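Fold and geometry: a report
Read off the chains here:
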Amino acid sequence: AAAEAGLYTSSDLVVLLTPENVGSVLVNSTAAMVVEFYASWCGHCIAFSPVYTRLARDVKEWKPAVNLAAIDCAAEENRKICTGYKIRGYPTLKVSRCTHEAAATGGNFPRDLRGLRHRIIDKLETHKEPWPPACPPLEPTSQAEIDNFFETNNVQHLALIFEEPQSYVGREVTLDLLQFENIAVRRVLNTEEGLVAKLGVTEFPSCYLYYPGGNFTRLQVNIEARTFYSYALQRLPGVVRSGRPPPASPDTLKNRTEEPWKPFNKSRVYMADLESTLHYSLRVELAVHAVIKGVALKSLKKYISVLTKYFPGRPVVMNLLKSVNSWLQSQSADEISYVALKEILDNTAQVPNTALPEGTKWVGCQGSQPYLRRYPCGVWTLFHVLTVQAKILGGSDPQEVLSSMRSYVHNFFGCRPCAEHFENMAVESLMEVNTMSAAVLWLWSRHNRVNNRIAGSLSEDPHFPKIQWPPPDLCPACHNVMDNREHRWNKEVVLPFLLSYFNSSRILTDYLD
Ligand code: FAD
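Residues numbered from 1 in each chain as written. Predicted model: local features only at pLDDT ≥ 70, side-chain atom pairs only at ≥ 80, totals over all residues. Heavy atoms only, no water.

So the rule is basically this: UniProt positions are given in the numbering used here, feature names are shortened, and annotations may be inferred rather than shown by experiment.
The name given to the protein in an unreviewed UniProt entry is Sulfhydryl oxidase, with Salarias fasciatus as the source organism. Within the UniProt record for the protein, the comment given under Subcellular location (unreviewed entry) is "Secreted". If you open the UniProt record of the protein and go to Catalytic activity (unreviewed entry), you find "2 R'C(R)SH + O2 = R'C(R)S-S(R)CR' + H2O2".

Written out as structure tokens, the structure is:
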């Protein structure tokens, strides 16, 4: 609880140091550790904390080699640790494998993502202590190494990033690919004349795939920059996350016996998923609450009212939502029983042409295993559709859909850690959403945060890797770079993209009864 009172939460991908874990995290770490020593009352620390959490998301893939931690020196119980490390001012940043011996950078460190990444790489390269075992070689390669590369390295792909000596792109991409197998990345300096001439390289940076026998092709990307190289390389055929089995072939999926695989278009939204989500939410998730009362009941009323207003459903489903809504709104007591709600949900005789199909039929949310994707995928999809519908139909309260999602998730969503993380994000910035467009973009960017946090986790379906969405191949113009080649979302394009992608007129009705 004390750690949560500091500037970071467990959702931030920053290890929160405490007297209990400091030994295992700092002293026994096999990765180099970046540690921020801060005081929660210090204004500069408060100003720096969003940058540090962004850095943690930005270098998440470097984790086996570099990990980020933070400690609140203002907390009484941490005092001894901070004194032990001779911390005199805040914030202080240390980068080292064994933080005891590291000279503190003190307050003298960059305050932007790019500068911080470069500083970490510099520290890795000038390290006096043993190299973190998981850290890949970062120094430039040579013609000699490349000539014998496939004799000594058992990988399918070798990516060569040609660049100028002061460029960090090659080293950043090498670290971005650290947790992926069947691929190695090396940087080649523009002064490596033999290789530059052999491949006919004229642009720096540029990336080439090099194969045994000396064949090569240029990696095609929208923009010659880190994010684009990393995204494309992580998706090459045969490249998989370390320790994860390669995705089963589409044929194996097709022949699954429990439930035949339904072919679908990966870049479309399906009504079958939305109806399945409603079924699961209303008939399964809510059913565990025998009595719904107080704030939970308010939350349910809000959820159903938002669905009634914005769900772009078939007439039979809309009729049902309307009758549930009017029944709920007429309940003046502070509690209802689930049984009573269920009666309305299933009572199709009273009002003709009213029904929510029983059971789930996942299409765009199918998982390659029965425990992957499905309902949580449906929940995200449903709420993206609702924020978009609210914007298109001219809703006037920018918080309406998001706050109903927030309270539904908080009160009912079965994945409790998910609910807690989502609530943390809502507390942080939901209040700032003040236009209908901002609501659409808020949900999109928070969903991307979740994608970033759980990329590579066991709940990731290997057929549907967690990516920063929409990827360059789905929406090239959504991606841009700043003058310094840092990736930048082009929100002026992302917004119309979302409005079109989740638009009711584009929702496919395949596989409905
Ligand atoms: P999902 O992430 O469920 O996305 C569904 C579809 O939406 C994708 O296939 C894609 O077409 C589209 N999409 C992807 N990203 C975006 C975006 N940024 N904007 C718009 N559309 C997008 N799991 C955890 O392990 N830990 C958590 O903390 C966690 N928190 C969650 C919080 C909430 C509120 C929800 C609904 C789910 C949470 N989950 C969490 C589950 C997790 O986010 C995924 O839903 C689940 O792993 C299934 O993933 P998926 O591959 O189907 O894609």
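We are not done yet, so read on.
**Digging into the nonpolar core**
Going by this rule: Within this scheme, the nonpolar core is defined by two criteria: the residues are buried Ala, Val, Leu, Ile, Met, Phe, Trp, Tyr or Cys, and they are joined through side-chain atoms within 4.5 Å. Residue exposure (1.4 Å probe, protein chains only): buried if accessible area is under 20% of the type maximum, exposed if over 50%, otherwise partly exposed. Runs of H or I in DSSP of at least four residues are treated as helices and runs of E of at least two as strands, each being numbered from the N terminus. When checking whether two residues touch, look at their non-hydrogen atoms; a contact exists if any pair is within 4.5 Å.
In this structure, Leu300, Tyr303 and Phe311 are the most contacted members of the largest nonpolar core, which totals 81 residues. The element contributing the most residues to this core is helix H15 (residues 375-392), with 10 residues. In this view, Leu300 contacts Leu286, Ile292, Leu328, Ile336, Leu341 and Phe412; residues no more than four positions away in its chain are not counted. Leu16, Ala32, Phe48 and Leu138 belong to the second largest nonpolar core, which has 34 residues in total.

**Digging into the sheet that holds strand E2 (residues 32-38)**
Here is the rule: Only strands that DSSP links by at least two bridges are regarded as paired with each other.
Strand order across the open sheet formed by four strands is E1-E3-E2-E4, with mixed pairing between neighbours. Each of the sheet's edge strands pairs with one partner strand only, and the pair in question is strand E1 (15-16) and strand E4 (92-96). Bridging between E2 and E4 involves five bridges; their strand directions are antiparallel. Bridging from a neighbouring strand, Val35 pairs with Lys94 of E4.

**Topic: the side chain of Ser404**
Along the polypeptide, Ser404 turns up in helix H16 (residues 400-411). Beyond its immediate sequence surroundings of up to four residues, Ser404 is in contact with Lys302, Tyr303, Val306, Phe383 and Gln399.

**Structural notes on the state of the cysteines**
Note the cut-off: A pair of sulfur atoms, both from cysteines and within 2.5 Å, is called a disulfide here.
In this structure the tally under the stated criterion is five disulfides. One disulfide in the model links Cys42 with Cys45; its S-S distance is 2.4 Å. As the torsion about the S-S bond is roughly 85 degrees, the Cys42-Cys45 disulfide counts as right-handed. Note on Cys42: relative accessible area 7%, which makes it buried.

**Structural notes on the sheet that holds strand E9 (residues 215-218)**
The condition that has to hold: Between N-to-C directions, angles span 0 to 180 degrees; the directions come from axes that are lines fitted to C-alpha atoms, helices contributing only their stretch in contact.
Here four strands make up an open sheet; going across it, the order is E7-E5-E8-E9 and the pairing mixed. If you trace the sheet from one side to the other, it starts and ends with strand E7 (183-189) and E9, each paired once. Looking at each pair of strands side by side, their axes are set apart by 25 degrees on average, direction ignored. When strand E5 (residues 157-163) meets strand E8 (residues 206-211), the two strands line up antiparallel, connected through five bridges.

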